[in-house]
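Structural features, examined
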Amino acid sequence: MVCIGVIGAMEEEVASLIKQMDDAEKKTMAGMSFYRGTLWKQQAVVVQSGIGKVNMAICTQILVDVYEVDMVINTGVAGGLYKDIRLGDIVISSDALQHDMDVGGLGYERGVIPGMKESIFKADTELVEMAKEACEIVNPEINCYVGRVVSGDQFISDNATKKELVGLFGGYCAEMEGAAMAQVASLNHVPFVIIRAISDNADDGAAVAYNTFEEQAIIHTVKLLAATFLKMNR
Ligand code: ADE
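A quick note: this is a predicted structure, and the numbers were derived from the prediction, not measured. Along every chain, residues carry numbers that run from 1 in the direction the sequence is written. This being a predicted model, a pLDDT of at least 70 is required before a residue's local features are given, and a value of 80 or more before pairs of side-chain atoms are given or counted; all residues contribute to the totals for chains, interfaces and linings. Heavy atoms from the whole structure form the basis of all side-chain values; hydrogens and water molecules are not counted.

**Looking at the nonpolar core**
Taken as a class, soluble globular proteins show a tendency for nonpolar side chains to be buried jointly. Nonpolar cores were defined as sets of buried Ala, Val, Leu, Ile, Met, Phe, Trp, Tyr and Cys residues, with membership established by side-chain atoms within 4.5 Å. Three labels apply to residues, based on accessible area from a 1.4 Å probe with only protein chains included: buried if under 20% of the type maximum, exposed if over 50%, partly exposed otherwise in between. One finds Phe34, Leu63, Ile90, Phe192 and Phe229 to be the most contacted residues of the largest nonpolar core, which totals 71 residues. Each helix is a run of H or I in the DSSP string that is no shorter than four residues. Each strand is a run of E no shorter than two, and both are numbered from the N terminus. A per-element tally of this core places helix α6 (residues 206–232) first, with 9 residues. Two residues form a contact once any of their heavy atoms are found within 4.5 Å. Every residue in contact with Phe34, bar those within four places of it in the chain, is listed here: Glu25, Lys26, Lys27, Met29, Val45, Val46, Val47, Cys59, Ile62, Leu63 and Tyr67. Core analysis: the second largest hydrophobic core is formed by 8 residues, Leu81, Val150, Ala174 and Ala202 among them.

**Regarding the environment of Gly31**
With respect to the element layout, Gly31 can be found in the loop between β2 (22–29) and β3 (32–39). Residue Gly31 is classed as exposed on the basis of its relative accessible area of 75%. Placed 19 residues apart in sequence, Gly31 and Gly50 show a C-alpha to C-alpha distance of 9.3 Å.

**Let's talk about the site of the ligand**
Residue proximity to a molecule or strand is established when one non-hydrogen atom of the residue lies within 4 Å of it. Close to the ligand lie 13 residues; Gly79, Phe155, Ile156, Glu175 and Asp200 are nearest. Nitrogen and oxygen atoms within 3.5 Å of one another constitute a polar contact, given that in protein one can donate a hydrogen and the other can accept it, and given that sequence-neighbouring residues count only through two side-chain atoms. Interatomic distance of 3.2 Å between a backbone N/O atom of Gly79 and a nitrogen atom of the ligand. If the ligand stood free it would expose 260 Å²; the protein chains cover 96% of that surface. Definitions used for this entry: grid spacing 1 Å over protein atoms alone; cavity, a set of points where a 1.4 Å probe fits but cannot get out; pocket, an open set with protein on both sides within 12 Å along at least 5 of 7 lines; lining residue, one with an atom within 4 Å of a point. Pocket or cavity membership: a molecule qualifies when more than half of its atoms sit within 2 Å of the grid points of that site. At a threshold of 2 Å from the grid points, most atoms of the ligand map onto the largest pocket. Ranked by residue count, the leading element in the shell around the ligand is strand β5 (residues 71–80), at 3 residues. Any residue outside Ala, Val, Leu, Ile, Met, Phe, Trp, Tyr, Cys, Pro, Asp, Glu, Lys and Arg is labelled polar, Gly included; the first ten of those are nonpolar and the last four are charged. Here the shell around the ligand is built from residues that sort into 8 nonpolar, 3 polar and 2 charged. Working definition of accessibility: Shrake-Rupley area with a 1.4 Å probe, residue cover restricted to the visible protein chains.

**With respect to the packing of helix α3 (residues 125–138) against α6**
Axis definition: a line fitted to C-alpha atoms, limited for helices to the stretch in contact. Angles are taken between N-to-C directions and run from 0 to 180 degrees. Two numbers describe how α3 lies on α6: the axes approach to 8 Å, and their chain directions differ by 120°. Considered as vectors, α3 and α6 are oriented oblique to each other. Classified by chirality, the crossing of α6 by α3 is right-handed. Between α3 and α6, the residues in contact are Leu127, Met130, Ala131, Glu133, Ala134, Cys135 and Val138 and Lys223, Leu224, Ala227, Thr228, Lys231 and Met232, respectively. Among the residues forming the contact of α3 with α6, the class breakdown is 9 nonpolar, 1 polar and 3 charged. An angle below 35 degrees is treated as roughly parallel, one above 145 as roughly antiparallel, one from 65 to 115 as roughly perpendicular, and anything else as oblique. Handedness of each helix crossing follows the sense of rotation of the near helix against the far helix: counterclockwise by less than a right angle gives left-handed, clockwise gives right-handed.

**What to know about the layout of surface pockets**
The volume enclosed by the largest pocket comes to roughly 240 Å³. In this structure, the largest pocket is lined by 19 residues; those nearest its centre are Val77, Phe155, Glu175, Met176 and Tyr210. Taken together, the elements giving at least two residues each to the lining of the largest pocket come down to β5, β9 (173–175) and β10 (192–200). Residues belonging to the lining of the largest pocket are distributed by class as follows: 11 nonpolar, 3 polar and 5 charged. Grid points are joined across faces, edges and corners, and a volume is the space filled by probe spheres set on the points.

Written as structure tokens, this is what we have:
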């Protein structure tokens, strides 16, 4: 049976997953608590990485090296960038990049990591399809988009930065970890997908919306994950 690594940055994003695990065995590494057990009939390791790209990179590499996971999934909330997207909707990553990687002073385009073969990391198409089908079944009241996730160590909460991210990258949502997981997974040849529910619109009203809608948004990602896991059993 395959083993799935599931990573959320914040406690709220993983708490209900950990509660639903059977026979979970906890181990702490790099200050992060890893729970290995059975989740919705699949072998899984669930972990809270903490916020930001560095935490996510460390966490993903531990899942690869210590737990030898067969795939990694990042779940959580994000700020909406795509024009039609609404609070509570879901974005499943087509690919992911780091919007705050900026070596423009040496002539590189924003988002390009000098010296790397690629800077845009493509999600596993089978995982994307499975998650999209699952979402349409369990969350019929919302829209589910497959699109680009842009990550950076910034909470995006102003209209000008939002406009810039849309213009430069065509991002569907902005968050703070996904592309770091994507980079580590790609370098280790491990399939990945990022699943994010929209908690705010990454604009001037982002902080207020975030505090109001975060909880509801997480309910959508948890339902989607459960349905995706059950699909894998078939
Ligand atoms: N996570 C949720 N909303 C976000 C935003 N607006 N910017 C970055 N990360 C987020």
